[in-house]
Amino acid sequence: MAFIKYGFLYSIFSLFTCVLYAGETELVSYQSFDHHGDHAYLLTLPSEANFKQQQFLEVELGCAVQGCSDWDYTVRFEWLKDGHRYEFGRLITPYAGYMQRGMHGFNRSWRRKYVFDISHLAPVLKGEGTLNVHYGGWGVKKSAFGFRAKLITRGTVARRVNKVVPVYYSASAGWPYKSANEFSSFLPATEVTFSADDIKAQLKVIVSAHGHALSFDNPAQEAELCGEWCERYFELLQNERLLARTPLWRTDCDQSATFPQGGTYIYARANWCPGEVVEPFSYELDTRRAQSMLDIDWQTYTWQPSQYGSDAPRYIVSAVLVTYGPVRLNTDLAIEQILAPNNDIDSRTNTRCGEVSIAVVNQGQTDITDIDFWYGVTKQQHYLWHGELNPGERQILTLPARYWGEFTSSNARLTVQAITAQDENSRNDFAVSNFDLPQAFSNRAKLYLTTGKFADETSVSIKDRDHHLVKQWHQFNASSEHILELDLPVGCYNLEVNDKAQDGLAFPFLNQRKGQGSIAIHDPSLVDGVVEVEALQADFGRKLSVPFTVGYRLGECAAPQWQPNRAYSVIAEKVGFQGIIYEVKHWSYNFQPDKAGPYDAWQAYSYCDGSELIN
């Protein structure tokens, strides 16, 4: 059986195929880091690399047996094969003092998953090798971190990887930037060779900067601590032609999915954030010449010892050349992943009550301009996307808020199917995600906001499922409690609390200066007058986003279910039936609502979540 192109039923074969082409293999069971440095695990992968599927290293980070560390440490995951080192990925541990001490909703059982795409290493992912994990932390006798690792395969690849060649690789502690001349010796111009089959080539680079040397080499001549706290750049050249200038600076640390943290996690850093992956860079190379010279030049600057240390700034660098063959198919649309809602992804925005965020990739040779999406849980809704998705391009698309059907938290499983004309590979057109339900409140709920010392930094807004602004507050008194009435009709909403200084309502590192605000939602229960309180994190950086529903819980109905043995005589009384709310027009008894006609008792009013019916 094949997919029904314009329906919302998936064949048994299609569901089986989706499962068949995804798998996972545990590489290392959960291990505590018991010393600073390398932790090596000898592995044997299948004798032939799987060149047809994408491959990922999934790492689960958590506390060690003896507890969690307070500090942000570098962890490198490497594959040692035939005398070469290939970096799978790198992450920085969070400030885990709250986990260690059981504060702010955390405890020592805290875990978080990180995923690294290692598909480009397919030629060396076979046979015997060593997974080497370098833990840059200390204090392992009292506290540390631990990890487990899985190899995951899913989807398909657009091109076969021809070869992967190490180009630059620093020691685990990085290369010291003592002077520009000495540092350039670590990154000499390197000759690379392309064959006629190398249709495409990329240089993939992972860089993080560390250290606290003092430097004034910036336009304002202000003191900076390099390399962690100063923005510097490097340039990539091919045959002496500048391909890219890349600043080593990351400004979104305050939006870390691991929050709050017990340290200065909100501040920008040199291409890394506490608790997050060090994102790799990828550069397209010209393969038309058989031989090419690649060179990386670092920004020149000066430094001197500071009160925090006399060591030189350090840069941990790895770079590999990857070449690819031709694109396999003319037309191939792939759903890479459902990004939200998806409880398998740690993100501040992975909970939703309406719209869907997905990553799609054009793995073919032709442009894609139209995609039919079918998505939902127990009810599939349709959305036609018009746009331009070029060959090789990845885009994150937002599918508009739709009614997903009736379900419970135990079977909250979203499916998305993407259909485009003349797609030659249907195996990657389907994705599934399990998700958590957002908070549900009544229309009597109130927002209790206590401001810090700088109330002009704070603003609060509520938007509906279509992003229309329905409420807004932006004038508050300093160090005061404010009670904000929600008073919203049935629906799906998003609460957003913003802070212009990007340090939240409270930031323990600066509480003495900023004050300590708080935020919570109080909802009077209809039973015994009990007030339920949902406390929200005040240490949120620039923005806190909270999806919620009013008048119903996602998957349930905002009206009582129709009862066949009850007489309905109150005009405009509403009932739920098979995912739709119906309104009674005149007396009715034992008359099924979905059988309503122009002269019958019932009239369809909305979906069970209060949203407008779609024909």
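Residues numbered from 1 in each chain as written. Predicted model: local features only at pLDDT ≥ 70, side-chain atom pairs only at ≥ 80, totals over all residues. Heavy atoms only, no water.

Asker: Sorry if this is basic, but what is going on with the overall build of the protein chain here?
Answerer: For the protein chain, the count of helices and strands is 4 helices and 40 strands. Reported as C-alpha extents along the three principal axes, the dimensions of the protein chain are approximately 90 × 65 × 45 Å. Considering only residue pairs separated by 6 or more positions, the protein chain has 72% of its internal contacts joining residues 24 or more positions apart. Here the protein chain holds 55 positive side-chain charges and 71 negative ones, and the gap between their average locations is 2 Å. (Helix = DSSP H or I, 4+ residues; strand = E, 2+ residues; numbered from the N terminus. Contact = heavy atoms within 4.5 Å. Lys, Arg positive; Asp, Glu negative; His and termini not counted. Charge placed at Lys NZ, Arg CZ, Asp CG, Glu CD.)

Asker: I tried to follow the environment of isoleucine 368 on my own but got confused; where do I start?
Answerer: Residue placement: isoleucine 368 occurs in strand E22 (residues 368-376). Along the primary structure isoleucine 368 and glycine 37 are separated by 331 residues, whereas in three dimensions their C-alpha atoms are 48 Å apart. Those residues in contact with isoleucine 368, other than ones at most four positions away along the chain, are Asp332, Leu333, Asn362, Trp385, Gly387, Glu388, Leu389 and Thr420.

Asker: Would you take a moment to explain the pairing of strand E17 (residues 281-285) for this structure?
Answerer: The side chains of a regular strand alternate between the sheet's two faces. Every second residue of E17 is oriented toward a common face, the buried set being Phe281, Tyr283 and Leu285 and the non-buried set Ser282 and Glu284. With 5 bridges connecting them, strand E12 (residues 200-210) and E17 associate as antiparallel partners. Bridge pairing links lysine 204 to serine 282 in E17. (Buried < 20%, exposed > 50% of the residue type's maximum accessible area, 1.4 Å probe, protein only. Pairing = 2+ DSSP bridges.)

Asker: Honestly, empty space enclosed by the protein in this entry has me stumped. Any pointers?
Answerer: Any space left empty among the atoms is revealed by the rolling of a water-sized probe across them. In this structure the tally under the stated criterion is 4 cavities of 30 Å³ or more. Taken as a whole, the largest cavity encloses approximately 60 Å³ of empty space. Cys353, Arg402, Tyr403, Trp404, Gly405, Phe407, Tyr552, Leu554, Gly555, Glu556 and Asp609 are the residues that line the largest cavity. Looking at the lining of the largest cavity residue by residue, the classes come out as 6 nonpolar, 2 polar and 3 charged. Volume-wise, the second largest cavity comes out at about 50 Å³. (1 Å grid on protein atoms, 1.4 Å probe; cavity = no way out; pocket = protein on both sides within 12 Å on 5 of 7 lines; lining within 4 Å. Points joined across faces, edges and corners; volume = space filled by probe spheres on them. Nonpolar A, V, L, I, M, F, W, Y, C, P; charged D, E, K, R; others polar.)

Asker: For this particular structure, what's the right way to read the nonpolar core?
Answerer: Side chains that are nonpolar tend, in soluble globular proteins, to be buried together. Among the nonpolar cores identified, the biggest contains 47 residues, and Leu57, Phe77, Phe88, Phe116, Phe145 and Phe147 are the most heavily contacted of them. Those residues in contact with phenylalanine 116, other than ones at most four positions away along the chain, are Gln55, Phe56, Leu57, Val59, Phe77, Phe88, Gly89, Arg90, Leu91 and Val277. (Core = buried A, V, L, I, M, F, W, Y, C linked by side-chain atoms within 4.5 Å.)

Asker: Honestly, the pattern of salt bridges in this entry has me stumped. Any pointers?
Answerer: Oppositely charged side chains may form a pair once their charged atoms are brought near each other. Applying the stated criterion across every chain, the model contains 29 salt bridges. Taken together, the shared-partner salt bridges connect Glu457, Asp499, Asp503, Arg513 and Lys514 into one network. (Salt bridge = Lys/Arg side-chain N within 4 Å of Asp/Glu carboxyl O.)

Asker: I'm lost on a positive patch on the surface in this one. Help?
Answerer: A cluster of basic residues, Lys52, Arg160, Arg328 and Arg427, forms a positive patch at the surface. For arginine 328, the position within the fold is in the loop between strand E19 (314-327) and strand E20 (333-340). (Patch = residues over 30% accessible without salt bridge, like charges linked within 9 Å, V, L, I, M, F, W, Y side chains within 5 Å. Areas by Shrake-Rupley, 256 points an atom, 1.4 Å probe, with all protein chains shown as cover.)

Asker: Looking at this structure, I do not really get the pairing of strand E3 (residues 54-63). What am I missing?
Answerer: Counting buried positions along E3 yields 10 of 10 residues, so the element is predominantly enclosed. Pairing geometry for E3 and strand E8 (residues 145-154), over 10 bridges, is antiparallel. Paired with glutamate 58 across the strands is lysine 150, a residue of E8. By the bridge criterion, 7 bridges tie E3 to strand E6 (residues 111-117) in an arrangement that is antiparallel. Residue pairing for E6: glycine 62 is matched across the bridge by arginine 111.

Asker: How should I be thinking about the sheet that holds strand E21 (residues 356-362) in this particular structure?
Answerer: Think of a sheet as strands paired side by side through backbone hydrogen bonds, with each pair either parallel or antiparallel. Strand order in the open sheet made by the 3 strands is E20-E21-E24, with antiparallel pairing throughout. Each edge of the open sheet carries a strand with a single partner, namely E20 and strand E24 (394-399). Within the sheet, the average angular offset between the axes of one strand and its neighbour, ignoring direction, is 30°. Direction of pairing for E20 relative to E21: antiparallel, over a ladder of 6 bridges. In the strand pairing of E21, leucine 333 is matched with asparagine 362. (Axes fitted to C-alpha atoms, helices over the stretch in contact; angles between N-to-C directions.)

Asker: Sorry if this is basic, but what is going on with the sheet that holds strand E38 (residues 580-584) here?
Answerer: Pairing in this open sheet of 3 strands is antiparallel, and the strands run E37-E38-E40 from one edge to the other. The open sheet is flanked by strand E37 (574-577) and strand E40 (602-607), the only strands paired with a single partner. Strand-to-strand twist across the sheet, computed as the mean angle between neighbouring axes with direction ignored, equals 35°.

Asker: In this structure, what is going on with the state of the cysteines? I would like to understand it.
Answerer: Disulfide: a covalent bond formed between the sulfur atoms of two cysteine residues. Inspection of every chain in the model, using the stated rule, returns 5 disulfides. In this model, cysteine 353 is linked to cysteine 492 through a disulfide, with the two sulfur atoms separated by 2.0 Å. In this structure, the disulfide formed by cysteine 353 and cysteine 492 twists by about 80° around the S-S bond and is classed as right-handed. Placement of the pair is cysteine 353 in the loop between E20 and E21 and cysteine 492 in strand E32 (residues 491-499), with a sequence separation of 139 residues. Taking relative accessible area as the criterion, cysteine 353 reaches 4% and is therefore assigned buried. (Disulfide = S-S within 2.5 Å.)

Asker: Whenever I open this one, the side chain of serine 606 confuses me. Can you help?
Answerer: Tracing the sequence through the fold places serine 606 in strand E40. Serine 606 gets classed as buried once you look at its relative accessible area, which sits at 3%. If near-sequence neighbours (up to four positions away) are discounted, serine 606 is found in contact with Ile580, Ile581, Ser611 and Leu613.

Asker: Explain the side chain of serine 208 here, please?
Answerer: Turning to its location among the elements, serine 208 is positioned in strand E12. Exposure remark for serine 208: the relative accessible area of 0% places this residue in the buried category. Side-chain polar atoms of serine 208 contact the side chain of arginine 90, separated by 2.8 Å. A polar contact is formed between the side chain of serine 208 and the side chain of histidine 210, at a distance of 2.9 Å. The residues touching serine 208, leaving out its near neighbours within four places in the chain, are Arg90, Ala270, Trp272, Val278, Arg314, Tyr315 and Ile316. (Polar contact = N/O pair within 3.5 Å; in protein donor to acceptor, adjacent residues only side chain to side chain.)

Asker: Is there a simple way to explain the environment of histidine 382 in this structure?
Answerer: Tracing the backbone through its elements, the reader meets histidine 382 in strand E23 (residues 380-389). The exposure class assigned to histidine 382 is partly exposed, which follows from its relative accessible area of 32%. When the C-alpha atoms of histidine 382 and glutamine 261 are compared, they prove to be 41 Å apart, with 121 residues separating the residues in sequence. Other than its neighbours up to four places away in sequence, histidine 382 contacts Asp372, Phe373, Trp374 and Arg402.

Asker: Hey, could you run me through the confidence of the model for the protein chain in this one?
Answerer: This prediction gives the protein chain a mean pLDDT of 92; 95% of its residues lie at or above 70. Contacts from residues 1-21, a stretch scored under 50 in pLDDT, to residues over four places away or in other chains number 32 contacts. (pLDDT = per-residue confidence, 0-100.)

Asker: Mind showing me how you'd approach the packing of aromatic side chains here?
Answerer: The relation between two aromatic rings is expressed through the spacing of the ring centres and the mutual angle of the planes. Under the criterion given, the structure shown has 32 aromatic pairs. A centroid spacing of 6.5 Å and a plane angle of 25° characterise the contact between tryptophan 587 and tyrosine 589, whose relative ring orientation is stacked. Above the face of the phenylalanine 259 ring, arginine 348 is positioned so that its terminal group lies 3.6 Å from the ring centre. (Phe/Tyr/Trp six-rings, centres within 6.5 Å; stacked < 30°, edge-to-face > 60°. Lys NZ or Arg CZ within 6 Å of the ring centre and 35° of its normal.)

Asker: What is the right way to read unusual backbone geometry from this model?
Answerer: Negative phi characterises most residues that are not glycine, and trans characterises most peptide bonds. Along the chain, cysteine 226 connects to glycine 227 via a cis peptide bond; the corresponding omega equals 5°. Here the amide bond leading from alanine 340 into proline 341 is cis, since omega sits at 0°, within 30 degrees of zero. When you line up the elements, proline 341 lands in the loop between E20 and E21. A positive phi angle, near 55°, is found at histidine 104, a position not held by glycine. Summarising the element assignment, histidine 104 is placed in the loop between helix H2 (97-101) and E6. Its identity is not glycine, yet aspartate 487 carries a phi of approximately 45°, on the positive side. Its place among the elements puts aspartate 487 in the loop between strand E31 (481-485) and E32. When its relative accessible area of 53% is taken as the criterion, aspartate 487 is described as exposed.

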